[in-house]
Amino acid sequence: MACGHEEHLIARRNFMGGLALMTGMAGLAPTALAGRLKANSKRMIVIDMHGGLSQLESWDPKPGTDTGGPFRAIPTSVTGIHISELLPKTAKQMHHLSLLRSLNTKNDDHGKGTYMMATGRRQTPAGDYPEIGAVVSKAIDGNDRALPGHIKIRPSGGGGRSADSAYLGPKFASISLGEGKAPENTACPADLTEESSKHREEFRRALNDTFLERRRTAETDAYTQSYEQAQEFVKQRDIFDIAKEPEKEQKRYGNHDFGRHCLLARRLIEKGITFVQVRHSNYDTHNENFNFHIEQLGEFDGPFATLVADLSERGLLESTLIVVLSEFGRTPKINQYYGRDHWGKAWSICLGGAGIARGTVVGKTNKNGTEVTDREADAGHVFHTYLRALGLKSTGNFQLGGRKMPMADPAFEPIKELLA
Amino acid sequence: MTDPKATYVAVDYKYEAPFITCRFDPKGRYVFGAAENRAVVRWELATGNQAVLLAHDSWVGDLAFSPDGGTMVTAGYDDTVMWWPVAAEKPEPIRKVKAHEGWIRALAVSPDGSLLASAGNDGTIKLWWMADGGDVRTLEGHDNHIYSLMFHPSGEYLLSGDLRGNVCQWSVATGEKVRTFDAKALWSYNAGQAVDFGGVRSLSISPDGKHLTAAGLYKAENPLGAVHEPLVLRFEWETGKLLVSHTLAGQKSVAWRAAFHPEGFLICGSGGGAGGHLMFFGPEDKPFHTFKMPDTVREFDLHPDGIQIATAHYGKTVRLSRMAPKPAAPAK
């Protein structure tokens, strides 16, 4: 028990806070130290096509119609499934993937759409819901892992924890890798030798052990866990460094950020990280939609197809769920700027791996893509489907402080046709 | 006598789909419009009769004609170039050639009518015999999408403009690149949106051969949101030096095309958030006259008579305007 003396409290906070700052991992929830992941643990990769990928220029083309635009549809490796000609390499991997063409999220707002697709729920003033990465990390990893299980790779921005785990606690919040780099303050100082580090660590443990003999609390457990997870992070920092991958691999994925980030995602999955999200910008093409989709999907197609093929060849696809999503689709109507605008009424996502059926299309839209005509689905259905594909009971609950918190919105259920 | 300041809309040719580009045939009998439903629509000016030419598997990005007005060539976003008879009652393609990988954005026919040049997203320029579609040579040197082509009036050179603001001058005889004009003001890379944007949308040479223009946009603060302004760069042909930047401050649009009138002034068609405009420039940077069109202009062409202008509109219309005073209404 803490003695409660104010000076001791301040001294302890400064001491632990300093350590936490050095490692960049302040504020994590209490947990035991990690064991190793089970060999057959499921994992998830999300590719976030930020801004609103056009379903008409990707998964649900309508060539030759008043809304189809200039691109043609091409056959894929699955007879009867056609996708946009902008995705020739992905088309060859369609036998590993499936499409949901009947999303109607009834939302055209970036923020609301992102939230909906990440949490499976609408935003409410009552509170926040955890994102899929936090849910998956908690459900699969539990409290038993050394490294953080929820990673987001972004084209820019800094590192550090975000608040996307809501009531699941900061342990399951994502760590952002801005520009795909490891967070700051995770490299050992150059002038710290291994022997010095070992002595420091022994001294720290000795001090801690003495302190904890009489003053152990949930808070001290939190600091301990933070520090030790951060230590593990520092020890395994190399897993975030794709320069450690052979040059041939780096070339296969492409000499641009998205290619590097897809390779990093594969690397992290191979090293046991449970959830990785990669963002690709920018699909918010109100202007010159076709020119920009040529450029953006031209960059997306190769690395994504390579990632899918690699996961399959390495025996990881059976245990890895891949999702390509956006916050909404784009209007069938082409505007005066050759653009398409926000459209949540009839759009598509792509899924594959893990418990997802292979080479399947679920849902349909009408001739020019203005309405869903079959198997309408909401973000809530999709969220359930992710969990089920990962072998989780999507109708189950987390037990948090004596309360049952549903893993997914109970108003929905999985899309069974998408499940193997 | 041409009077740009008296410009008025004389005729609307309506159709079922928005238009991408338009051209008159060299004899001035017809106006052709390429539409978003893959068709090219032909109107006979004397009668208003319409014919629909439908053979491409995607949108048509450009049209070009043999100087004698007998043959039209269309460039598709379906990798294919097609030859057509201009005046047939129901035109069908004479020839189809898979010319490039990806979009073909620009065509040009040499002044003597012997050669056709095509270019687009694969970054190559190809020369073909106009008579039989046989290939002559491929010009390589651009490393990004090619947006525009034109033959120098002498026939000795071919000019090409790309997305990143390079205007290349090529020897037609040898295929060698002679020089590059720096039109990079027409290109922007927006790091926040991670997109290349802009490009040399059109090229034009003045009647006296002294000036070259490259048209497009600049001040692209928000490419994905169409926040940019039109820009036409005027170069001195002999030295390659930039002489004037023609602008229209505050007008959110793109200069889709700029072309010299035989009388020496420059016409520019622009379209965007500010609507559609025809702008008329002298040697000064600002236009001496601006004519507002009913809706956004995507392209235009000048009739051989030097008076009529055809404009292609998003509003499913090809319009004919006249740069001359409107005739008085007949007395009742």
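Just so it is clear, the structure is predicted and the values come from calculations on it, not from any experiment. (Residues numbered from 1 in each chain as written. Chains lettered and ligands numbered in written order. Predicted model: local features only at pLDDT ≥ 70, side-chain atom pairs only at ≥ 80, totals over all residues. Heavy atoms only, no water.)

K.L.:
I keep staring at the overall build of chain B and nothing clicks. Help me out?
P.N.:
Check the secondary structure of chain B and you find 0 helices and 30 strands. Against the compact-globule benchmark of 20 Å for 332 residues, chain B has a radius of gyration of 19 Å, which places it among compact chains. Projected onto its principal axes, the C-alpha coordinates of chain B cover approximately 65 × 45 × 40 Å. The 332 residues of chain B split such that 62% are buried. Restricting the contact set of chain B to residue pairs at least 6 apart, pairs at least 24 apart contribute 46%. A total of about 12,500 Å² of accessible surface is found on chain B, and carbon and sulfur atoms cover 50% of it. (Helix = DSSP H or I, 4+ residues; strand = E, 2+ residues; numbered from the N terminus. Rg over C-alpha atoms; globule rule 2.2 N^0.38 Å. Buried < 20%, exposed > 50% of the residue type's maximum accessible area, 1.4 Å probe, protein only. Contact = heavy atoms within 4.5 Å. Areas by Shrake-Rupley, 256 points an atom, 1.4 Å probe, with all protein chains shown as cover.)

K.L.:
Quick question: what am I supposed to make of the overall build of chain A here?
P.N.:
Broken down by element type, chain A carries 10 helices and 16 strands. When the 420 residues of chain A are sorted by exposure, 57% land in the buried category. Long-range contacts, defined as pairs at least 24 residues apart, comprise 73% of the intrachain contacts of chain A with a sequence gap of at least 6. Summed over its atoms, the accessible surface of chain A is roughly 17,600 Å², and 51% of this surface lies on carbon and sulfur atoms.

K.L.:
Would you mind showing me how to read the packing of helix 3 (residues 110–119) of chain A against helix 10 (residues 379–389) of chain A here?
P.N.:
Two packed helices can be described by the angle between their axes and the distance between those axes. All names here are of chain A. Running from N to C, helix 3 and helix 10 cross one another at 35 degrees; their axes reach a closest spacing of 7 Å. On the side of helix 3, the interface is formed by Met-116, Met-117, Ala-118 and Thr-119, while helix 10 contributes Ala-379, Phe-383 and Tyr-386. Among the residues making up the contact of helix 3 with helix 10, the classes are represented as 6 nonpolar, 1 polar and no charged. (Axes fitted to C-alpha atoms, helices over the stretch in contact; angles between N-to-C directions. Nonpolar A, V, L, I, M, F, W, Y, C, P; charged D, E, K, R; others polar.)

K.L.:
Which parts of the structure should I look at to understand the pairing of strand 9 (residues 95–98) of chain B?
P.N.:
Side chains on a regular strand alternate between the two faces of the sheet. Residue and element names in this part refer to chain B. Burial of the side chains of strand 9 is restricted to one face: Arg-95 and Val-97 are buried, whereas none of Lys-96 and Lys-98 on the reverse face is. In this sheet, strand 9 lies alongside strand 8 (residues 80–85) in antiparallel orientation, the contact comprising 4 bridges. Bridging across to strand 9, Met-82 finds its partner in Lys-96. (Pairing = 2+ DSSP bridges.)

K.L.:
Before we go on, may I ask you to explain the sheet that holds strand 27 (residues 289–293) of chain B in this structure?
P.N.:
Within a beta sheet, neighbouring strands are joined by backbone hydrogen bonds and run either parallel or antiparallel to one another. Residue and element names in this part refer to chain B. An order of 24-25-26-27 is seen for the 4 strands of this open sheet, with the pairing classed as antiparallel. Taken across any chain shown, the strands that pair with only one partner, and hence form the sheet edges, are strand 24 (254–260) and strand 27. Averaged over all pairs of adjacent strands, the angle between strand axes in this sheet comes to 20 degrees, irrespective of strand direction. Relative to strand 27, strand 26 (residues 275–281) runs antiparallel, the two being bridged by 5 bridges. Looking at the pairing, Gly-276 lines up with Met-293 of strand 27.

K.L.:
Is there a simple way to think about the pattern of salt bridges in this case?
P.N.:
All names here are of chain A. All told, the structure shown has 41 salt bridges over all chains when counted by the stated rule. Of the charged contacts in the structure, one is a salt bridge between Arg-266 and Glu-249, with a shortest N-O distance of 2.7 Å. Taken together, the residues span a long stretch of sequence, with Arg-266 in helix 8 (residues 257–270) and Glu-249 in helix 7 (residues 247–253) at a distance of 17 residues. Since its relative accessible area comes to 9%, Glu-249 is described here as buried. Two residues, Asp-284 and Arg-330, come together in a salt bridge whose shortest N-O distance is 2.9 Å. Here Arg-330 lies in strand 9 (residues 329–330) and Asp-284 lies in the loop between strand 7 (275–280) and helix 9 (289–313), a separation of 46 residues in the sequence. (Salt bridge = Lys/Arg side-chain N within 4 Å of Asp/Glu carboxyl O.)

K.L.:
What am I meant to see in the interface of chain B and chain A here?
P.N.:
Facing the 32 residues of chain B at the interface are 25 residues of chain A. Here chain B and chain A share an interface that buries about 2,300 Å² over both sides, 52% of which is from carbon and sulfur atoms. Counting every contact that joins chain B to chain A gives 2 salt bridges. Residue A:Glu288 is joined to B:Arg201 by a salt bridge in which the shortest nitrogen-to-oxygen separation is 3.0 Å. (Buried area = accessible area lost by both parts, 1.4 Å probe.)

K.L.:
So what exactly am I meant to see when it comes to helix 5 (residues 194–215) of chain A here?
P.N.:
Within an α-helix, residues lying three or four positions from one another point in the same direction, as the helix has 3.6 residues per turn. Residue and element names in this part refer to chain A. The end-to-end C-alpha distance of helix 5 is 30 Å, a good match for the 32 Å that 22 residues give at a rise of 1.5 Å each. Listed as buried for helix 5 are Glu-201, Arg-204 and Asn-208. Relative to the axis of helix 5, the buried residues are bounded by an arc of 65 degrees and lie together on one face. Seen from the open side of helix 5, the exposed residues pointing more than 90 degrees away from its buried face are Glu-195, Lys-198, Phe-203, Thr-210, Glu-213 and Arg-214. (Expected span 1.5 Å × (residues − 1). Arc of directions from axis to C-beta.)

K.L.:
Quick question: what am I supposed to make of the environment of A:Thr119 here?
P.N.:
Residue and element names in this part refer to chain A. Residue placement: Thr-119 occurs in helix 3. Assessed through its relative accessible area of 3%, Thr-119 is described here as buried. Each C-alpha atom, one on Thr-119 and one on Thr-385, is 12 Å from the other, the two residues being 266 residues apart in sequence. Setting aside anything within four residues of it in sequence, one finds Thr-119 in contact with Tyr-129, Pro-130, Glu-131 and Phe-383.

K.L.:
Any chance you could explain helix 4 (residues 132–141) of chain A here in plain terms?
P.N.:
All names here are of chain A. Among the 10 residues in helix 4, 8 count as buried, and that is most of the element. For helix 4, every residue scored as buried is listed here: Ile-132, Gly-133, Ala-134, Val-135, Val-136, Ser-137, Lys-138 and Asp-141. Lining the buried residues of helix 4 we find strand 1 (43–49), helix 3, strand 5 (150–154), strand 7, helix 10 and strand 15 (397–400). Downstream of helix 4 by one or two residues, Gly-142 has phi in the positive range, about 60 degrees.

K.L.:
For this particular structure, what's the right way to read the packing of aromatic side chains?
P.N.:
In this description, a pair of aromatic rings is defined by centroid distance and the angle of the planes. Going through the model one piece at a time under the given rule, you end up with 23 aromatic pairs over all chains. A ring pair is formed by A:Phe71 and A:Phe290, whose centres lie 5.9 Å apart and whose planes are at 65 degrees; its orientation type is edge-to-face. Placement of A:Phe71 in the loop between strand 1 and strand 2 (73–75) and of A:Phe290 in helix 9 is noted, with a sequence separation of 219 residues between them. Relative accessible area serves as the criterion here: at 2%, A:Phe290 is assigned to the buried category. Measuring from ring centre to ring centre gives 5.2 Å for A:Phe290 and B:Trp59, while their planes differ by 75 degrees; the resulting arrangement is edge-to-face. With A:Phe290 in helix 9 and B:Trp59 in the loop between strand 5 (50–53) and strand 6 (60–65), this pair bridges two chains. (Phe/Tyr/Trp six-rings, centres within 6.5 Å; stacked < 30°, edge-to-face > 60°.)

K.L.:
Would you explain the side chain of B:Gln193 in this entry?
P.N.:
Examined against the element boundaries, B:Gln193 turns out to sit in the loop between strand 18 (187–190) and strand 19 (195–198). Discounting chain neighbours no more than four positions away, the residues touching B:Gln193 are A:Ser281, A:Asn282, A:Gln296, B:Asn222, B:Pro223 and B:Leu224.

K.L.:
Quick question: what am I supposed to make of the nonpolar core here?
P.N.:
Grouped burial of nonpolar side chains is what soluble globular proteins tend to show. All names here are of chain A. Counting 65 residues, the largest nonpolar core has Ile-47, Trp-59, Ile-153, Leu-268 and Phe-300 as the members making the most contacts within it. The greatest single-element share of this core, amounting to 9 residues, is contributed by helix 9. Excluding residues that lie within four positions of it along the chain, Ile-47 makes contacts with Phe-258, Cys-262, Val-278, Phe-300, Phe-304, Leu-307, Val-323, Val-324 and Leu-325. Ranked by size, the runner-up nonpolar core spans 39 residues in total, among them Leu-103, Phe-275, Leu-387 and Leu-392. (Core = buried A, V, L, I, M, F, W, Y, C linked by side-chain atoms within 4.5 Å.)

K.L.:
Honestly, the confidence of the model for chain B in this entry has me stumped. Any pointers?
P.N.:
The predicted coordinates should not be examined in detail at positions where pLDDT is low. Across chain B, pLDDT averages 96, with 100% of residues at or above 70. Reported confidences for the modelled complex are a pTM of 0.90 and an ipTM of 0.95. (pLDDT = per-residue confidence, 0-100.)

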